[in-house]
Amino acid sequence: MEFRTKCLIIGSGPAGYTAGIYTSRAGLAPIMIEGPQPGGQLITTTEIENFPGFVDGVKGPKMMEDFRSQAERFGLQIITGMVTDVDFSSRPYKAVVDGGASTVLAESVIISTGASAKYLGLDDEQKYLGMGVSACATCDGFFFRNRTVAVVGGGDTACEEALYLAGLASKVYMIVRKDHLRASQYMQRRVMENPKIEILFDTVTLGLFGQDVLEGARLRTSPSTALPKEYEIALDGFFLAIGHKPNTDLFKGKIELDEAGYIKTASPGTATNIPGVFAAGDVADPTYQQAISAAGMGCRAALDAERFLMFSEE
Ligand code: NDP
């Protein structure tokens, strides 16, 4: 089946749905391809308490359902499926869904495919997701006030997350696989000076344990250390901070990406190097990666697409 639209939105997190609300209301009759996990990363988040307007907080899945309903109320057409190919070589741009089950021809495109937190790959990580395991301290740290948590990773994100958590938790371990941190000197100094943070260098996580919720982690020090050993630590929270991967495999060679794979945009706008193709949310934002900042960028992308269409039709 072939669809035509003035604006195609690829991806369905807070950026995509916000773009859907704005472009629908602007009369662009947008189509969204929502992907296999509608709502993106917020679907795996528990409570969201830092999105303004939700005085008592809101569950991530509920927030995404509401964003979706709001966009549909204004006319957003949603197709469930995976975009398996795109052609940005000439307008109208083309997106192929599910290997050719349908195609969408679009005068403009907003890419909002998000990013995925990297996990260690332990079986137990998925088991305790939302039950002690998290990849976002800003989202979930509040639930670990006066508790013991660990942050995995030694980069700037891990340091930031450890410092943020140290403001809430009673004890923060950093589990670092090398004998040094990768983070900037300034961040290294800040974590080392924080009395609540203990850095476990040369240490890897073997597994997690607990009855229904997380109770601890099994660790192993590197064989090169003086006394290599396996041991357990009691934990209430286990935060992954080993980097994010932008969901841009589909766009490699078709749109300009930075060295980490994020879509390059002409900040403060959302334009990519292809006229009429815009990017919003985590897929184009390695820095902020918050629901509210993604939603704001979705709004900007919608306004940018609207202006682009207005001028390209003149
Ligand atoms: P980084 O890639 O910089 O760091 C990832 C960390 O996770 C490294 O310590 C790495 O270890 C570790 N790691 C990766 N895979 C594993 C694994 N399988 N097991 C255990 N540890 C693992 O990612 P960040 O998200 O920290 O930062 C991304 C970029 O964003 C960087 O350029 C950073 O400087 C920037 N940033 C800047 C901030 C700021 O300026 N305020 C804040 C946050 C990020 P190893 O060192 O051994 O590879």
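**What to know about the sheet that holds strand 12 (residues 171-175)**
Reading across the sheet, the five strands line up as 10-17-11-12-13 and stay open at both edges, with parallel pairing between neighbours. Either end of the sheet is taken by a strand with one partner, and the two such strands are strand 10 (133-134) and strand 13 (197-200). Of the pairings in the sheet, the one linking strand 10 to strand 17 (residues 237-240) comprises two bridges and is parallel in character. Among the inter-strand pairings, Val133 is bridged to a residue of strand 17, identified as Phe238.

**Side note on unusual backbone geometry**
Cis geometry is adopted by the peptide bond preceding Pro92, which originates at Arg91 and carries an omega value of 0°. Along the chain, the position of Pro92 falls in the loop between strand 6 (83-87) and strand 7 (93-97). Phi at Asp202 is positive, roughly 55°, even though this residue is not glycine. As for its position among the elements, Asp202 is in the loop between strand 13 and strand 14 (203-209). Despite not being glycine, Gln289 shows a phi value in the positive range, around 50°. Judged by its relative accessible area of 17%, Gln289 falls in the buried class.

**Side note on helix 7 (residues 291-312)**
In a regular helix each residue adds 1.5 Å, so 22 residues correspond to 32 Å; helix 7 covers 31 Å between its end C-alpha atoms and thus fits that length. Listed as buried for helix 7 are Ala291, Ala294, Ala295, Met297, Gly298, Cys299, Ala301, Ala302, Asp304, Ala305, Phe308 and Leu309.

**Concerning the packing of helix 1 (residues 14-25) against helix 2 (residues 60-73)**
For the pair helix 1 and helix 2, the least separation of the axes is 8 Å and the interaxial angle reads 20°. With respect to their mutual orientation, helix 1 and helix 2 come out roughly parallel. Along this stretch, helix 1 crosses helix 2, giving a crossing that reads as left-handed. Of the residues in helix 2, those touching helix 1 at Pro14, Tyr17, Thr18, Gly20, Ile21 and Ser24 are Met64, Phe67, Arg68, Gln70 and Ala71.

**Quick word on the pairing of strand 1 (residues 2-10)**
Where strand 1 lies against strand 8 (residues 102-111), eight bridges are found, and the strand directions are parallel. Each residue of the ladder has a partner; that of Leu8, found in strand 8, is Val109. Where strand 1 lies against strand 2 (residues 31-33), three bridges are found, and the strand directions are parallel. Considered in strand 2, the bridge of Leu8 is made with Ile31. As for the winding sense of the linkage, the β-α-β connection from strand 1 through helix 1 to strand 2 is right-handed.

**Describing a positive patch on the surface**
Residues Lys118, Arg177, Lys178 and Arg182 make up a contiguous surface patch of positive charge. Residue position: Arg177 is located in the loop between strand 12 and helix 6 (185-193).

**Focus on the sheet that holds strand 14**
Ordered by their spatial adjacency, three strands build an open sheet running 14-15-16, and the pairing between neighbours is antiparallel. The open sheet has two edge strands, strand 14 and strand 16 (230-234), and neither has a second partner. Looking at each pair of strands side by side, their axes are set apart by 30° on average, direction ignored. The pairing of strand 14 with strand 15 (residues 216-221) spans six bridges and is classified as antiparallel.

Parameters at a glance
- Residues numbered from 1 in each chain as written.
- Predicted model: local features only at pLDDT ≥ 70, side-chain atom pairs only at ≥ 80, totals over all residues.
- Heavy atoms only, no water.
- Pairing = 2+ DSSP bridges.
- Helix = DSSP H or I, 4+ residues; strand = E, 2+ residues; numbered from the N terminus.
- Buried < 20%, exposed > 50% of the residue type's maximum accessible area, 1.4 Å probe, protein only.
- Expected span 1.5 Å × (residues − 1).
- Axes fitted to C-alpha atoms, helices over the stretch in contact; angles between N-to-C directions.
- Parallel < 35°, antiparallel > 145°, perpendicular 65-115°, else oblique.
- Left-handed = near helix turned anticlockwise from the far one by under 90°.
- Contact = heavy atoms within 4.5 Å.
- Right-handed = clockwise from strand over helix to strand, strands pointing away.
- Patch = residues over 30% accessible without salt bridge, like charges linked within 9 Å, V, L, I, M, F, W, Y side chains within 5 Å.
- Areas by Shrake-Rupley, 256 points an atom, 1.4 Å probe, with all protein chains shown as cover.
- Salt bridge = Lys/Arg side-chain N within 4 Å of Asp/Glu carboxyl O.
- Lys, Arg positive; Asp, Glu negative; His and termini not counted.
- Charge placed at Lys NZ, Arg CZ, Asp CG, Glu CD.

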